[in-house]
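Structural overview
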Amino acid sequence: MATLAKRKPQNFPGQIYVDSSCIDCETCRILASDIFGEDQTGSFVKKQPETESEKLQALQALVACPTASIGTEDRIDLTDAKASFPKQIQDEVYHCGFHSKDSFGAFSYLIVREEGNVLVDSPRYIPSLSEKIKNLGGIKYHFLTHRDDIADHEKFHNDFGTQRIIHEGDLSAVPNAEIVIKGREPFSLSEDLLVIPGPGHTRGHSTLLYKHKFLFSGDHLAFDPKNDRLIAFRGACWYSWEEQTKSMQDLENYNFEWLLPGHGHPTHTDRKRMSEMLRSCVLWMQKR
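Here the structure is a predicted model, which is why all the values come from computation and not from measurement.

Looking at the sheet that holds strand 13 (residues 193-197)
- As summarised here, the arrangement of the six strands in space is 12-13-14-15-18-19, forming an open sheet in which the pairing is mixed. The open sheet has two free edges, formed respectively by strand 12 (187-190) and strand 19 (267-268), since each of these has just one partner strand.
- Sheet topology places strand 14 (residues 206-210) next to strand 15 (residues 214-218); three bridges connect them, and they run antiparallel. Among the inter-strand pairings, L209 is bridged to a residue of strand 15, identified as L215.

In structure tokens form, the structure reads like this:
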């Protein structure tokens, strides 16, 4: 829990604050960008929420924070903020919230579909979140982009009987996975779900393409809003930058409108613009 004794001096005075346990995962700055800012120490409150919308966004960031580094001076009812997750992004795709410190605060997502819901990467296991997911139809598949973002996969498996999916290159992280992706060839899980192996960030990293519209990219590809471009994390490539560059080139064979990363800002644009940004990202990677 956040504590006033550890409150950062950078915080704008008022009810909401960030304490020194912040790990700079960016979660709060993505969920409530008008409220939370960034400096060399990580996140802090740059402006206290004023409108009801801002207050809800700030409290959503509080409950999503993986290290419980956001606090309030007075006790505040968090019921509405907790109940807002999973939060709809578009169509059948939701942001799960409740980020896990075991995944360094990575985003996780839920796809709601008649043929069986898909959990992408893992949030913290929270009973209230589990109940909400059950009301949305449960979880059939648990797709794990790579070894870093598996978090509470075991708890979700025990609760929902999930079929966990991971690439053989990262199988040691989930040795009991029910579905193992092999090699470099794309794997069709169903007509609307395509697993695209993309080694680079880790040996077994993969992305998931849903309805040729939503790309769940894990730590492979992200969006940089400051420079309006797609990026890869050169300083956080644990296996091979050369392989990651090749994997990024492979993604050019697919069209999508939404990029939903594990780390970084979810973004939406038209397919032409997304394709252009991906080409620019590949060219940038080839020079590094």
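Having seen the structure, we can now continue with the description.
Overview of the domain arrangement of the protein
- If you check the domain split of the protein, you get domain 1 (4-74) and domain 2 (83-286).
- For domain 1 versus domain 2, the separation of C-alpha centres amounts to 26 Å.
- Of the residues lining the interface, 15 residues belong to domain 1; the matching set on domain 2 comes to 16 residues.
- A combined buried area of about 1,200 Å² lies between domain 1 and domain 2, and 63% of that area is made up of carbon and sulfur atoms.
- Three residues, I30, Q60 and P66, lead the burial of domain 1 against domain 2; their summed loss comes to 37% of the area buried on that side.
- Across the domain 1-domain 2 interface, the total number found is one salt bridge.
- Between E38 and K226 there is a salt bridge, with the nearest N and O atoms lying 3.8 Å from each other.
- Linking domain 1 with domain 2 are eight residue pairs in polar contact (both at pLDDT 80 or more), by the criterion used here.
- With four residues, the single largest contributor to the side of domain 1 that touches domain 2 is helix 1 (residues 27-31).

Re the environment of Q244
- In this fold, Q244 is placed in helix 6 (residues 241-251).
- Spatially, the C-alpha atom of Q244 lies 6.7 Å from that of G198, the residues being 46 residues apart in sequence.
- Once you skip the residues sitting within four places of it in the chain, Q244 turns out to touch P199, G200, H201, D219, H220, A232, C237 and M285.

Re the pattern of salt bridges
- In this structure the tally under the stated criterion is 24 salt bridges.
- Taking the shortest distance from any N to any O, the salt bridge between K55 and E52 comes out at 3.6 Å. Remark: E52 and K55 occur in helix 2 (residues 52-64); sequence separation between them is three residues, near one turn of the helix.
- Residue class for K55 comes out partly exposed when judged on its relative accessible area of 35%.
- One salt bridge connects K134 with D159, and the closest N-O pair in it is separated by 3.1 Å. On the criterion of sequence distance, the pair formed by K134 in helix 4 (residues 127-135) and D159 in helix 5 (residues 153-160) is long-range, its members being 25 residues apart.

Let's talk about helix 5
- Listing the buried residues of helix 5 in full gives H153, F156, H157 and F160. Looking straight down helix 5, one finds its buried side chains confined to an arc of 105°; they lie on one side.
- Along its buried surface, helix 5 packs onto strand 8 (118-120), helix 4, strand 9 (141-143) and strand 10 (163-167).
- After helix 5 finishes, the residue G161 shows a positive phi value of roughly 65°.

Cut-offs applied
Each residue is numbered by its place in its chain's sequence as written, counting from 1. Residues qualify for local features only when their pLDDT is at least 70, as the model is predicted, and side-chain atom pairs are given and counted only at 80 or more; totals for whole chains, interfaces and linings, by contrast, use all residues. To get the side-chain values, all heavy atoms of the structure are used, and hydrogens and water are removed first. Two strands are counted as paired when DSSP detects at least two bridges linking them. Helix and strand definitions follow DSSP, with helices as H or I runs of at least four residues and strands as E runs of at least two, each counted in order from the N terminus. Segment limits for the domains were obtained from an automatic or database-derived domain assignment. Contacts are assigned to residue pairs that have any heavy atoms within 4.5 Å of one another. Once two parts are brought into contact, the accessible area they lose, counted with a 1.4 Å probe and summed over both, makes up the buried area. When a carboxyl oxygen of Asp or Glu lies within 4 Å of a side-chain nitrogen of Lys or Arg, that pair is called a salt bridge. Distance and chemistry together define a polar contact, namely a pair of N or O atoms within 3.5 Å, with one atom able to donate a hydrogen and the other to accept it when in protein, and with adjacent residues in sequence counting only for side-chain atoms on both sides. Whether a residue is buried, partly exposed or exposed follows from its accessible area with a 1.4 Å probe, protein chains only, as a fraction of its type maximum: under 20%, in between, or over 50%, in that order. This arc corresponds to the set of directions leading from the helix axis out to the C-beta atoms.

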